[in-house]
Each structure stands twice: as C-alpha cells, then as structure tokens.
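# Close look at the chain arrangement
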Amino acid sequence: MAEIIVVTSGKGGVGKTTTSASLACGLARHGKRVAVIDFDVGLRNLDLIMGCERRVVYDFVNVIQGEATLKQALIRDKRFDNLHVLAASQTRDKDALTKEGVERVLNELADDGFDHIVCDSPAGIEKGAYLAMYYADQAIVVVNPEVSSVRDSDRILGLLASKTRKAERGERVREHLLLTRYSPRRVETGEMLSIGDVEEILGLKTIGVIPESPDVLNASNKGEPVILDLESQAGQAYDDAVARLLGHERPLRFTQPEKKGLFSKLFGG
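Throughout what follows, the structure given in this document is the object of discussion.

Reading the values: rules and limits
- Residues numbered from 1 in each chain as written.
- Predicted model: local features only at pLDDT ≥ 70, side-chain atom pairs only at ≥ 80, totals over all residues.
- Heavy atoms only, no water.
- Phe/Tyr/Trp six-rings, centres within 6.5 Å; stacked < 30°, edge-to-face > 60°.
- Helix = DSSP H or I, 4+ residues; strand = E, 2+ residues; numbered from the N terminus.
- Buried < 20%, exposed > 50% of the residue type's maximum accessible area, 1.4 Å probe, protein only.
- Lys NZ or Arg CZ within 6 Å of the ring centre and 35° of its normal.
- Core = buried A, V, L, I, M, F, W, Y, C linked by side-chain atoms within 4.5 Å.
- Contact = heavy atoms within 4.5 Å.
- Disulfide = S-S within 2.5 Å.

### A look at the packing of aromatic side chains
- In this structure the tally under the stated criterion is 3 aromatic pairs.
- Between the aromatic rings of Phe 39 and Phe 60, the centroid separation amounts to 5.0 Å while the plane-to-plane angle is 75°, which identifies the pairing as edge-to-face. One end of the pair, Phe 39, is in the loop between strand 2 (34–38) and helix 2 (46–50); the other, Phe 60, is in helix 3 (residues 60–64), and 21 residues separate them in sequence.
- Phe 39 sits in the buried class, given a relative accessible area of 0%.
- Given a relative accessible area of 1%, Phe 60 falls into the buried group.
- Both rings, one in Tyr 134 and one in Tyr 135, keep their centres 4.7 Å apart while their planes meet at 90°; by these two values the pair is edge-to-face. The same class applies to Tyr 134 and to Tyr 135, which are both buried.
- Chaining the aromatic ring pairs together yields one cluster made of Tyr 130, Tyr 134 and Tyr 135.
- Note that Arg 33 overlies the ring of Phe 114, its terminal NZ or CZ placed 4.1 Å from the centroid.
- Geometry around Tyr 134 places Lys 99 over its ring, the cationic atom sitting 4.2 Å from the centre.

Right under this line is the structure:
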C-alpha cells in the first residue's frame with residue numbers, strides 16, 4: 001500500500017518544492033520506491049530542481065486527459081533507479097486536473113509497487129492544492145518562522161482536517177511541521193518566531209528545521225536537491241527530517257546560534 005504524502009503550505013515561496021525534491025530523494029536513498037508529482041499546473045518547477053527538465057515529454061495533465069500513459073510520463077531519476085518524477089504541465093490551467101483523474105494516477109502508482117507518493121502542492125487553497133491534499137495519508141506543512149506564513153498555514157490545517165478523503169471517513173491526516181529558513185540568531189533577537197512559538201500556534205510537532213542557507217538556492221540552480229549535499233547544514237537537516245518521517249530518532253540540529261570563536265570576538269567576524 002503506497003503512502004501518499006502531501007507537501008503543503010498556505011504561503012508561496014516557503015520551500016515546498018525544495019522540500020518535495022529532498023524528501024523524495026531522501027526516501028529513495030533509504031531504499032524506498034518513490035514517485036514525486038508536481039501539482040502546480042501552469043508553473044512547473046519540480047523538474048528543474050530535480051534536474052530533469054530537458055527529459056519532460058509528457059506530463060501529469062497528459063496522463064489525466066488520456067493523452068499519454070503513466071509509464072510514458074514518469075521520468076526515472078538518474079541518481080536513484082527507485083525514484084520517478086511526474087512533471088506538471090506549463091501550458092494548461094488548473095482546471096485540467098480532476099479528482100477522478102488524480103485518483104486513477106495515484107492508484108496506478110500504488111498498484112505498480114511504489115512505497116511513497118510525494119505530492120508537491122501549489123501554495124494556497126485553490127483547486128491544485130485541494131487535489132494534492134485530498135488523498136493524503138500524511139502532510140508535511142512547510143512554514144517560515146514568521147507570522148504571515150504561520151497564519152496562512154493555520155488555514156491549510158483546517159482544510160486537512162475537513163476537506164480530505166480521510167476527514168470524510170472520520171480519520172485524520174497525520175500532520176508534521178517543517179520549518180524552513182530558520183535563523184537561530186534572528187530568533188534570539190526577536191526578529192523571528194522560535195520553534196516552540198510555531199508549534200504552539202499550529203499545534204504540530206516539528207519533523208525538521210532547515211537552517212537559512214545559500215546552499216539551498218545553489219543546489220536548486222544546479223538541479224541537485226540540497227539533501228544530496230551532506231556537507232551542507234540544510235542537506236543534513238533534510239536528511240534528519242526524512243529519517244524522523246521513517247520513525248528513526250534524530251535530535252534537532254542547527255537550532256542554536258553558533259558560538260563565536262576567539263578570533264571572531266576580537267576582530268568582529
């Protein structure tokens with residue numbers, strides 16, 4: 001039985017696609033058979049971050065409309081044989097997605113033996129986001145530790161609790177909080193909400209804290225999900241988050257300001 005994981009948020013630009021790509025690669029690195037689907041019809045960024053944009057021939061909408069088979073549209077990742085990408089369409093609008101079509105694709109992936117299906121949701125509460133979360137078993141709610149991002153994510157939690165297939169059956173989607181662009185120093189000076197603040201407001205437990213880092217943008221520009229760079233703190237933090245998702249114990253790292261060394265104190269570095 002495939003586990004369907006939606007990566008969602010209320011606000012755009014918080015790192016959902018980066019998270020989806022890293023989550024998919026991390027699960028694949030743990031030996032899981034993974035498909036990651038871009039639900040952001042009209043924009044399509046997942047294939048860029050996964051580094052397979054030149055290999056897109058057919059997309060998610062082509063499969064839903066019956067213009068291509070799922071096998072034709074799935075792109076096998078060059079790094080992991082057990083990871084496949086289903087790109088979004090750049091030329092259709094979001095009405096091209098249907099609930100029945102999405103269900104058929106998810107069922108076909110499950111029947112094909114995939115362990116995890118990661119749904120990269122568009123921001124907000126429009127149709128693409130609703131369909132990305134409707135069939136979810138688990139949700140990764142991606143939040144920047146600032147007030148507007150947290151407030152918008154609270155609306156997403158309301159939808160997860162009321163507008164999903166699990167909610168209709170009287171069940172709950174398992175929700176996890178992932179904080180991105182976290183700066184312990186800015187938390188210390190009161191410019192940014194702390195982990196505890198966000199957990200208390202949203203009522204969620206943190207599965208990962210991704211530190212603010214230029215490595216994330218550099219990795220995206222190279223078409224290499226940042227989780228593959230285990231020299232970077234962001235890559236290590238995503239690796240920790242995937243391990244926790246799989247039930248492993250990992251302490252939260254990169255949540256305290258780095259202590260300055262003697263030379264930094266003397267010379268103001």
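Past the structure itself, the notes keep going.
### Some points on the nonpolar core
- Within the largest apolar cluster, 49 residues are counted, with the highest numbers of intra-cluster contacts made by Ile 37, Phe 39, Phe 60, Leu 86, Val 105, Leu 109 and Leu 160.
- Every residue in contact with Leu 160, bar those within four places of it in the chain, is listed here: Val 6, Met 133, Ala 139, Val 141, Ala 167, Val 173 and Glu 175.
- Grouped together as the second largest cluster of nonpolar side chains are 38 residues, Val 7, Ala 21, Val 36 and Val 56 included.

### Regarding the environment of Gly 124
- Its place among the elements puts Gly 124 in the loop between strand 5 (116–120) and helix 6 (127–134).
- Among the residues examined, Gly 124 registers a relative accessible area of 16% and is labelled buried.
- For the pair Gly 124 and Ile 156, spaced 32 residues apart in sequence, the C-alpha to C-alpha distance is 7.7 Å.

### A short note on the side chain of Asp 77
- For Asp 77, the location among the structural elements is in the loop between strand 3 (75–76) and strand 4 (83–86).
- In contact with Asp 77, not counting residues within four places along its chain, are Met 50 and Leu 83.

### Here's the deal with the state of the cysteines
- Scanning the entire structure with this criterion turns up 0 disulfides.
- In this structure Cys 25 is a free cysteine whose sulfur lies 10.0 Å from that of Cys 52, the closest cysteine sulfur available.
- Residue Cys 52 is classed as buried on the basis of its relative accessible area, which comes to 4%.

From the geometry alone we can't say anything about function, so treat these as descriptive.
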